[in-house]
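Topology and contacts: notes
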Amino acid sequence: KNGPELETILEKQSCGREIGSRILVFVRLRPMGKKEREAGSRCCVRIVNQRDVYLTEFASENDYLRLKRLRGRHFTFDASFPDSTSQQEVYSTTTAELVEAVLQGRNGSVFCYGATGAGKTYTMLGTVENPGVMVLAIKDLFTKIRQRSCDGNHVVHLSYLEVYNETVRDLLSPGRPLVLREDKQVMVEYRVKDASNNVVNRVGKLSLIDLAGSERALATDQRTLRSLEGANINKSLLALSSCINALVEGKKHIPYRNSKLTQLLKDSLGGACNTVMIANISPSNLSFGETQNTLHWADRAKEIRTKACEANEEALQVPESEADQAKLLLELQKEN
Ligand code: ADP
Ligand code: MG
């Protein structure tokens, strides 16, 4: 593993921009909705340029009378998407490089964070006409695999899970809740390089996460344990926030075990992983408070450092005889 022999056969592939070193944070502003417009709401967010967001502190007449002054705040992110940004643009900027990195054996994760109605599900899943990040990533992954089919065999495992009330369910095969166990990673890709008599196994995991509405975490924080649902959604997001705080502060102990969500995301958050956060916001002044919270949260997430993003790979010696090679290949296939 990582021996000089392996180094000679592997080109040093970088993650493109330095996505291994810290979390990349993006903000996506959604268009004003019909209901918001009918309610007479005004826009309190402006995407100033490709990176900066400007939030005006008061947008309603009442706020203005109360605060008596005009204030606003700029936030800077890795990219800020105005409401005209297409799904494809969001995918290309935030996730395409992670898909490429997964094929090189690097883990990646993309989170959508924000209040209910801010556009998380639209960004992640999208619609039939405008498919979102999940759909575009899967399409792209298979396109890339097809282009590399001569490099060796590729095995793809896909799971689609829901974490709700601290219960994990399999959305592809509904039934009893799943029990979480820590397990060996699944093989996603292995490449055969016969010329150098080496087989390289590469494993990469891509996690795409549509988080619960962030406002509920705050609501239940103030009114204690309002309902089981509120409490448990709170638990997931609070646990995620605790982990992020611990990661930001460089703590040794990260409390992943506090919730099912963070247990699931352990290797997608602090591990050797390319992590992307997309903070979704509404333009309406009616959501000012939520937008402010989301932007503050996103601003803090920029400080998270992840471990250097190394590839998950191991080299195996390929036997001389063809019969033994076939045996090895069979074993590898069985493992998968
Ligand atoms: P969330 O998942 O954060 O609760 P949704 O993704 O369901 O929010 O978005 C709320 C509404 O706004 C939906 O009707 C969705 O189709 C619409 N919407 C969100 N983002 C966009 C966008 N970028 N462009 C057009 N419509 C959007
Ligand atoms: Mg949603």
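Residues numbered from 1 in each chain as written. Chains lettered and ligands numbered in written order. Predicted model: local features only at pLDDT ≥ 70, side-chain atom pairs only at ≥ 80, totals over all residues.

Details of the sheet that holds strand β12 (residues 273-281)
Backbone hydrogen bonds are what pair the strands of a sheet, in a parallel or an antiparallel way. Spatially, β5-β1-β12-β6-β11 is the arrangement adopted by the five strands of the open sheet, whose pairing is parallel. Only two strands of the sheet have a single neighbouring strand rather than two, namely β5 (79-81) and β11 (206-210). Strand-to-strand twist across the sheet, computed as the mean angle between neighbouring axes with direction ignored, equals 15°. One ladder, built from six bridges, connects strand β1 (residues 24-29) with β12; its direction is parallel. Its bridge partner lying in β12, Val27 is registered against Ala279. (Pairing = 2+ DSSP bridges. Helix = DSSP H or I, 4+ residues; strand = E, 2+ residues; numbered from the N terminus. Axes fitted to C-alpha atoms, helices over the stretch in contact; angles between N-to-C directions.)

Some remarks on the site of ligand 1
Taken together, 13 residues lie around ligand 1, and Arg30, Gly119, Lys120, Thr121 and Tyr122 are the ones closest in. A per-element tally of the shell around ligand 1 places helix α6 (residues 120-124) first, with three residues. For the shell around ligand 1, the residue count by class is three nonpolar, eight polar and two charged. (Near = placed C-beta within 6 Å. Nonpolar A, V, L, I, M, F, W, Y, C, P; charged D, E, K, R; others polar.)

Re the nonpolar core
Judged by nonpolar contacts, the single largest core of 58 residues is most densely connected at Val25, Phe26, Val27, Met277, Ala279 and Ala298. With six residues, the top contributor of residues to this core is β12. Beyond its immediate stretch of four places on either side in the chain, Phe26 contacts Phe77, Asp78, Ala79, Phe81, Thr94, Val276, Met277 and Ile278. (Core = buried A, V, L, I, M, F, W, Y, C linked by C-beta atoms within 7 Å. Buried ≥ 20, exposed ≤ 12 C-beta atoms within 10 Å, placed from the backbone. Contact = placed C-beta atoms within 7 Å.)

Comments concerning the environment of Phe75
Within the secondary structure layout, Phe75 lies in strand β4 (residues 72-76). Judged by local crowding, Phe75 falls into the buried class, with 21 C-beta atoms found within 10 Å. On a C-alpha basis, the gap between Phe75 and Val48 in space is 9.8 Å, while along the polypeptide they are 27 residues apart. In this structure, Phe75 is in contact with Val53, Leu295 and Asp299, ignoring residues within four places of it in sequence.

Topic: the sheet that holds strand β2 (residues 45-47)
Strand order in this open sheet of three strands is β2-β3-β4, and the pairing throughout is antiparallel. If you trace the sheet from one side to the other, it starts and ends with β2 and β4, each paired once. The sheet shows a mean angle of 20° between the axes of neighbouring strands, direction not considered. Sheet topology places strand β3 (residues 52-56) next to β4; five bridges connect them, and they run antiparallel. In the sheet register, Asp52 faces β4, and the bridge partner there is Thr76.

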